[in-house]
Amino acid sequence: MSRLKGGRTLYGLELGILMLDTRFPRLPGDVGNAETWPFPVHYRVVQGADPSRIMGPDPDPSLLAPFIDAARDLERLGVRAITTSCGFLAVFQRELQAAVAVPVLTSALLQVPFVARVIPPGRRVGILTERPNLTERHFNGVGWSARDVPVAVSAMPDGAVFPTVFIDNQPTADRSVLERDAVGLALSAVKEHPDTAALVLECTNFVPFSAAMRAATGLPVYDLYTLVMQSHLATGGAEFPRGL
């Protein structure tokens, strides 16, 4: 006889997602579009966490406490892992991880040391971001340094539409223009740094265009989706068919 175990109100929530407080559109593939995920997710919007307060060189430290509170709320609901909607939250990785017992995946930047180990020696990892505000503090937050890992960081050029939508928080956008900007950034990064062997997308809003970037550059592209799916498999989210 099998005994059922209770103790909470909700069940089957594979992933908890900490969201910035935004109003811009989110395409399938974006962390904030529930259609992106092939399993149940639960969201917590951190009120007042505007992109402008996170995406500077020094994120607003007053936001740490509400992010911790939101992470603990998600853990109480029973999620297996927690991620976020902005890669710049890498600076809060250690504090958020210390606050809960489930895996915390603040940023696709967590993958950079792994990617650097699986590409050929002498090649580098290209990191794509919206604005040139990533610093050692972001890298150190997720456990590595640009002094030790060969990377090249590339940001959107002046005049790009992409940041005006996702940082300036515009409520409308043209998908074709966004894809043009994203693919253009990938191509220019590889042209400027021809020794790039793989790309890591810091920005979660790039993910709907990952396949287009992969096709345009011919390189492996790692993003928040690849990170979360690895954790999903590791935390028991899928099983091999019986008999294999």
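Residues numbered from 1 in each chain as written. Predicted model: local features only at pLDDT ≥ 70, side-chain atom pairs only at ≥ 80, totals over all residues. Heavy atoms only, no water.

Now for the overall build of the protein chain. Along the backbone of the protein chain there are 9 helices and 8 strands. In terms of overall dimensions, the protein chain has a C-alpha envelope of 65 × 45 × 35 Å along the principal axes. In the protein chain, which comprises 244 residues, the share counted as buried stands at 51%. In the protein chain, once contacts between residues fewer than 6 apart in sequence are set aside, the share between residues at least 24 apart is 72%. One way to put it: in the protein chain the 22 positive side-chain charges average out to a point 7 Å from where the 24 negative ones average out. (Helix = DSSP H or I, 4+ residues; strand = E, 2+ residues; numbered from the N terminus. Buried < 20%, exposed > 50% of the residue type's maximum accessible area, 1.4 Å probe, protein only. Contact = heavy atoms within 4.5 Å. Lys, Arg positive; Asp, Glu negative; His and termini not counted. Charge placed at Lys NZ, Arg CZ, Asp CG, Glu CD.)

Take aspartate 181: it is sitting in helix 7 (residues 175-192). In terms of polar contacts, aspartate 181 uses its side chain to reach the side chain of arginine 180, at 3.4 Å. Contact partners of aspartate 181, with chain neighbours within four places excluded, come to Met156, Ala160, Val161 and Phe162. (Polar contact = N/O pair within 3.5 Å; in protein donor to acceptor, adjacent residues only side chain to side chain.)

Moving on to the environment of asparagine 133. Tracing the backbone shows asparagine 133 in the loop between strand 5 (124-129) and helix 5 (136-141). Between the C-alpha atoms of asparagine 133 and methionine 55, which are 78 residues apart in sequence, the distance is 7.0 Å. Not counting the four nearest positions on each side in its chain, asparagine 133 is found in contact with Met55, Gly56, Pro57, Phe88 and His138. Among the polar contacts made by the side chain of asparagine 133, one reaches the main-chain carbonyl oxygen of methionine 55 at a distance of 2.9 Å.

Along the polypeptide, threonine 196 turns up in strand 7 (residues 196-201). From its side chain, threonine 196 meets the backbone oxygen of histidine 193 in a polar contact 2.8 Å long. Not counting chain neighbours up to four residues away, the residues in contact with threonine 196 comprise Arg123, Arg124, Gly126, Ala189 and Leu219.

Time to look at the nonpolar core. Among the nonpolar cores identified, the biggest contains 47 residues, and Ile54 and Phe67 are the most heavily contacted of them. At the level of secondary structure, the elements contributing two or more residues to this core comprise helix 2 (64-77), helix 3 (93-99), helix 4 (112-118), strand 5 and strand 7. It is helix 2 that provides the largest number of residues to this core, a total of 7 residues. In this view, isoleucine 54 contacts Leu20, Pro59, Leu63, Phe67, Cys86, Phe88 and Leu89; residues no more than four positions away in its chain are not counted. Residues Leu128, Met156, Ala182 and Leu219 belong to the second largest nonpolar core, which totals 20 residues. (Core = buried A, V, L, I, M, F, W, Y, C linked by side-chain atoms within 4.5 Å.)

Turning our eyes to something else, we now look at the sheet that holds strand 3 (residues 81-84). What holds strands together in a sheet is hydrogen bonding between their backbones, with the strands either parallel or antiparallel. With respect to topology, 4 strands assemble into an open sheet ordered 2-1-3-4, the strand pairing being parallel. At either margin of the open sheet sits one strand with a lone partner, and together these are strand 2 (41-45) and strand 4 (104-105). Looking at chain direction, strand 1 (residues 15-19) and strand 2 are connected through 5 bridges and run parallel. Counterpart to methionine 19 in the pairing with strand 2 is valine 45. Against the sheet, helix 2 engages strand 1, strand 2 and strand 3, with an angle of about 155° to strand 2. (Pairing = 2+ DSSP bridges. Axes fitted to C-alpha atoms, helices over the stretch in contact; angles between N-to-C directions.)

Turning next to the pairing of strand 7. Counting buried positions along strand 7 gives 6 out of 6 residues, so the element sits mostly inside the fold. Two elements, strand 5 and strand 7, share 5 bridges in a ladder whose sense is parallel. What sits directly across from arginine 124, in strand 7, is threonine 196. In terms of strand pairing, strand 7 meets strand 8 (residues 221-222) through 2 bridges, oriented parallel. By the bridge assignment, valine 200 is partnered in strand 8 with tyrosine 222. One crossover worth recording links strand 7 to the parallel strand 8 by way of helix 8 (residues 210-217), and it is right-handed. (Right-handed = clockwise from strand over helix to strand, strands pointing away.)

Geometric descriptors of this kind do not, in isolation, establish any biological role.
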